[in-house]
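For reference, the chains in residue letters:
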Amino acid sequence: MIRRIGVIGGGQLGRMFALEAKRMGFEVVVLDPQEHSPCGQVADEQIVAAYDDMEAIERLGQSTDVVTYEFENIAIASVEYLEQHGYHVTPTSDVLRITQDRLLEKRFVRSCGIATADFAEINRLDDLSEASMSIGFPAILKTARGGYDGKGQWRIQSLDEGRAAFSAAKGAKLIYERVVPFARELSVVATRGANDAVVCYPAGENTHDRGILTMTVAPARISDNARLRARTIATTIGKKLHIVGTYCVELFLLANGELLVNEIAPRPHNSGHYTIDVTQCSQYEQHVRAICDLPLAEPKLESNAIMMNILGAGKGDHLTGEDELLTDPSIVLHMYGKRHAVNRRKMGHFTMLVDGAVDEPAIARAKAAHAKLGWQD
Ligand SMILES: Nc1ncnc2c1ncn2[C@@H]1O[C@H](COP(=O)(O)OP(=O)(O)O)[C@@H](O)[C@H]1O
Ligand SMILES: [Mg+2]
């Protein structure tokens, strides 16, 4: 019987997960090095320790019935430790190993018969000239491990720029990817249960600014055929990965209709925040259900939605303009309790419920609402 859930990582994803878990009657213990973390503020208990502090990981395992994580850049040794000491942890270290490493991840996706951008592994400077000849420019160099929100990425147009990026990466293993001229960026948030059942939310459409998600439009404005293929890809990946929990598959839709997988997140995803406000069972509740071996719920959108991230500007820690923002009854505000609004840090988001189509006027309304927000000391 599962009563207490452990979470490694105390950010906003952990927070929204904990809020749903608490609503369902579970207790939550979070492990995060930062005291009073976004998740720690709403959990029953926070263990303040590094993600790879094995003594703390042992305590987390001992004090809970199942452990999960909200972030893939944690130490794999922590998940392995829990597995080796008989604690129930999900997703497994096998899932984490693949999704932590962009090279393993892309090879895995291709082994499922699913297309990705052309890529090559870069360990030495010589690999770079070879990759540039076979794949060409424009390209992106990304650190194979540890990147998120566009961190650890360099866009390159020439071998010289590639060399500069290579030295900036200071010996980290890199992946060389062809820049994909996508028509739309999509994501499918899905959940797989231990019984191999998979449920998917409809593909959402994402806009990024320099690698950081700024807006998700749900459902994506794409053909039914593309929607179905995106769903099939996400289902196949979940099943072949044997993941138990909520995960997300990020995709590029090309002008010719082709879909390429960009990456897999083995956890709830920023592009699935809107599910809290417009579905009967959010991506976080599905995760609770999956890891506690409860039945999953076939998602149903009660309304269309536009989610906009609220990023810090490095100009004051207090949000302004909520009073104006909230005059619109279709807006649901979520803030994460972070003390410092560092430039481009994810501080919160809002979901705008959209009655009709999610079209350009609706997007313009969401952007105008977002423009009301600012920061002050
Ligand atoms: N091969 C690519 N072609 C075109 N755009 C890309 C490519 N790879 C990444 N991007 C852009 O950069 C964003 C962040 O890259 P991603 O690989 O998803 O890393 P992160 O882990 O930081 O989310 C993507 O959502 C996309 O907008
Ligand atoms: Mg991404």
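Note that the structure is predicted; figures quoted are calculated from it, not measured.

> Explain the coordination of the magnesium ion (ligand 2) to me, and be specific about the residues and the numbers.
Around the magnesium ion (ligand 2), the protein supplies E250 (OE), E250 (OE) and E263 (OE) as donor atoms, at distances of 2.0 to 2.7 Å. Separated by 13 residues along the polypeptide, E250 in strand β13 (residues 245-253) and E263 in strand β14 (residues 259-265) bring together distant segments of the chain.

> Would you mind going over helix α1 (residues 12-23) in detail, with residue names and values included?
An α-helical turn contains 3.6 residues, so any two residues separated by three or four positions project in the same direction. Over its twelve residues, α1 extends 17 Å from the first C-alpha to the last, a length consistent with the 16 Å expected when each residue adds 1.5 Å. Taking burial as the measure, the twelve residues of α1 include nine buried ones, the bulk of the element. Inspection of α1 places Q12, L13, G14, R15, M16, F17, A18, E20 and A21 among the buried residues, and these make up the whole buried set. Phi turns positive one or two residues past the end of α1, at G25, with a value near 100°.

> Outline the layout of surface pockets, supporting the account with residue identities and numerical values.
Of the pockets and cavities examined, the largest pocket occupies roughly 1,400 Å³. Around the largest pocket sit 49 residues that line it, and Y148, D149, G150, G211 and K346 are the ones nearest its centre. Here the lining of the largest pocket is built from residues that sort into 15 nonpolar, 15 polar and 19 charged.

> Would you mind going over empty space enclosed by the protein in detail, with residue names and values included?
In total, this model carries three cavities of 30 Å³ or more according to the counting rule given. Forming the walls of the largest cavity are 13 residues, and the residues nearest its centre are T99, Q100, R102, G147 and E263. Every element with two or more residues in the lining of the largest cavity is listed here: α4 (93-100), α5 (102-111) and β14. By residue class, the composition of the lining of the largest cavity is two nonpolar, five polar and six charged.

> I'd like to hear about the sheet that holds strand β6 (residues 139-143), residue by residue, with values.
Taken together, four strands build an open sheet; the order of strands is β5-β8-β6-β7 and the sheet is antiparallel. Among the strands making up the open sheet, the edge pair consists of β5 (119-122) and β7 (153-156). Taken over all neighbouring pairs, the strand axes of this sheet differ in orientation by 20° on average, direction set aside. Sheet topology note: the β6/β7 ladder contains four bridges and is antiparallel. The residue bridging A139 from the neighbouring strand is I156, located in β7. Packed onto the sheet, α5 meets β5, β6, β7 and β8 (174-178) and runs at close to 145° relative to β5. Helix α7 (residues 159-168) contacts β5, β6, β7 and β8 of the sheet and is inclined by roughly 170° relative to β7.

> Explain the site of ligand 1 to me, and be specific about the residues and the numbers.
As a structural note, the neighbourhood of ligand 1 is formed by 21 residues, with K142, G150, V180, E185 and E263 the closest of them. Note that an oxygen atom of ligand 1 is positioned 2.8 Å from one of the side-chain N or O atoms of E263. About the coverage of ligand 1: the protein hides 93% of its 540 Å² of free accessible area. More than half of the atoms of ligand 1 fall within 2 Å of the grid points belonging to the largest pocket. Mapped onto the shell around ligand 1, the elements with two or more residues apiece are β6, β7, β8, β13 and β14. Taken together, the residues of the shell around ligand 1 sort by class into six nonpolar, six polar and nine charged. Three or more residues apiece are contributed to the shell around ligand 1 by two domains, here domain 2 (118-178) and domain 3 (184-376).

> Kindly report on the pairing of β8, identifying the contributing residues and their values.
Along any regular strand the residues' side chains alternate between the sheet's two faces. Here β8 lies mainly inside the structure; four of its five residues are buried. Sheet topology note: the β5/β8 ladder contains four bridges and is antiparallel. Directly across from F119, in β8, lies its bridge partner E177. The pairing of β6 with β8 spans five bridges and is classified as antiparallel. Note that in β8 the partner of I140 across the bridge is E177.

> Which residues make up unusual backbone geometry, and what values go with them?
The peptide bond linking T90 to P91 adopts the cis configuration, its omega dihedral lying at -5°. Here P91 is to be found in the loop between α3 (76-84) and α4. Residue D196 is not a glycine yet carries a positive backbone phi of 80°. For D196, the location among the structural elements is in the loop between β9 (184-192) and β10 (198-200).

The rules behind each value
- Residues numbered from 1 in each chain as written.
- Chains lettered and ligands numbered in written order.
- Predicted model: local features only at pLDDT ≥ 70, side-chain atom pairs only at ≥ 80, totals over all residues.
- Heavy atoms only, no water.
- Donors = N, O, S within 2.8 Å, 3.2 Å for Na, K, Ca; no water.
- Helix = DSSP H or I, 4+ residues; strand = E, 2+ residues; numbered from the N terminus.
- Expected span 1.5 Å × (residues − 1).
- Buried < 20%, exposed > 50% of the residue type's maximum accessible area, 1.4 Å probe, protein only.
- 1 Å grid on protein atoms, 1.4 Å probe; cavity = no way out; pocket = protein on both sides within 12 Å on 5 of 7 lines; lining within 4 Å.
- Points joined across faces, edges and corners; volume = space filled by probe spheres on them.
- Nonpolar A, V, L, I, M, F, W, Y, C, P; charged D, E, K, R; others polar.
- Pairing = 2+ DSSP bridges.
- Axes fitted to C-alpha atoms, helices over the stretch in contact; angles between N-to-C directions.
- Contact = heavy atoms within 4.5 Å.
- Near = heavy atom within 4 Å.
- Polar contact = N/O pair within 3.5 Å; in protein donor to acceptor, adjacent residues only side chain to side chain.
- Areas by Shrake-Rupley, 256 points an atom, 1.4 Å probe, with all protein chains shown as cover.
- Sits in = over half its atoms within 2 Å of the grid points.
- Domains from an automatic or database assignment.

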